[in-house]
Amino acid sequence: RPSFPQKQGMLFLFDISDRHSFWMKGMQFPIDIIFIRDSVVDSVAMNRQPNDLNPVFPQYPVNAVLEVNAGEAWDVRPGDRVEIVRR
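Everything quoted here is computed from the prediction, not taken from an experiment.

Turning our attention to the overall build of the chain. The secondary structure content of the chain amounts to zero helices and four strands. Computed over its C-alpha atoms, the radius of gyration of the chain comes to 12 Å, within 12% of the 12 Å expected for a compact globule of 87 residues. Expressed as lengths along the three principal axes of its C-alpha atoms, the size of the chain is roughly 30 × 25 × 25 Å. Total accessible area computed for the chain in this model is approximately 5800 Å², and 49% of it derives from carbon and sulfur atoms. Taken together, the 10 basic and 11 acidic charged side chains of the chain have centroids lying 2 Å from each other.

What follows concerns the pattern of salt bridges. Under the counting rule described, the total for this entry stands at two salt bridges. Of the charged contacts, one joins Asp42 and Arg37 as a salt bridge, the two residues approaching to 2.8 Å between their closest N and O atoms. Look at Asp42 and you get buried, because its relative accessible area is 4%. Here Arg48 ties to Asp52 by a salt bridge, and the two come within 3.6 Å at their closest N and O atoms. Taking the relative accessible area as the measure of exposure, Arg48 reaches 15% and is therefore buried. Classification of Asp52 as partly exposed rests on a relative accessible area of 21%.

A few words now on unusual backbone geometry. One non-glycine residue with positive phi stands out, namely Asp38, at about 50 degrees. Looking at the element boundaries, Asp38 is found in the loop between β2 (31-37) and β3 (40-48). On the basis of relative accessibility, which here comes to 53%, the residue Asp38 falls in the exposed class. Positive phi, close to 50 degrees, is recorded for Asn47, a residue that is not glycine. By the element assignment, Asn47 lies in strand β3.

Before going further, it helps to spend a moment on the pairing of β3. Bridging between β2 and β3 involves six bridges; their strand directions are antiparallel. Within β3, the position partnered with Phe35 by the bridge is Ser43. In this antiparallel pair of consecutive strands, β2 and β3, the connection spans two residues, and Asp38 shows a positive phi of 50 degrees.

Conventions used here
Residues numbered from 1 in each chain as written. Predicted model: local features only at pLDDT ≥ 70, side-chain atom pairs only at ≥ 80, totals over all residues. Heavy atoms only, no water. Helix = DSSP H or I, 4+ residues; strand = E, 2+ residues; numbered from the N terminus. Rg over C-alpha atoms; globule rule 2.2 N^0.38 Å. Areas by Shrake-Rupley, 256 points an atom, 1.4 Å probe, with all protein chains shown as cover. Lys, Arg positive; Asp, Glu negative; His and termini not counted. Charge placed at Lys NZ, Arg CZ, Asp CG, Glu CD. Salt bridge = Lys/Arg side-chain N within 4 Å of Asp/Glu carboxyl O. Buried < 20%, exposed > 50% of the residue type's maximum accessible area, 1.4 Å probe, protein only. Pairing = 2+ DSSP bridges.

See the structure below:
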């Protein structure tokens, strides 16, 4: 796909908190990566470019990661609260 729908993304939930790494192999568009620990933003990796093979890590162990289109996390900061609604 060429992008996520606007203001949507992909959420990864992990059973175990860890310093899960992400890279951009095979991606077709730039993204922002939001690392989340217990419903609080740990860190944000902005404007990750397609096919960048350098992994990016959160500052501390996290149990969720949200990928959104590049630029959509411009106002997200460490310490922000996140509500994850499971349906």
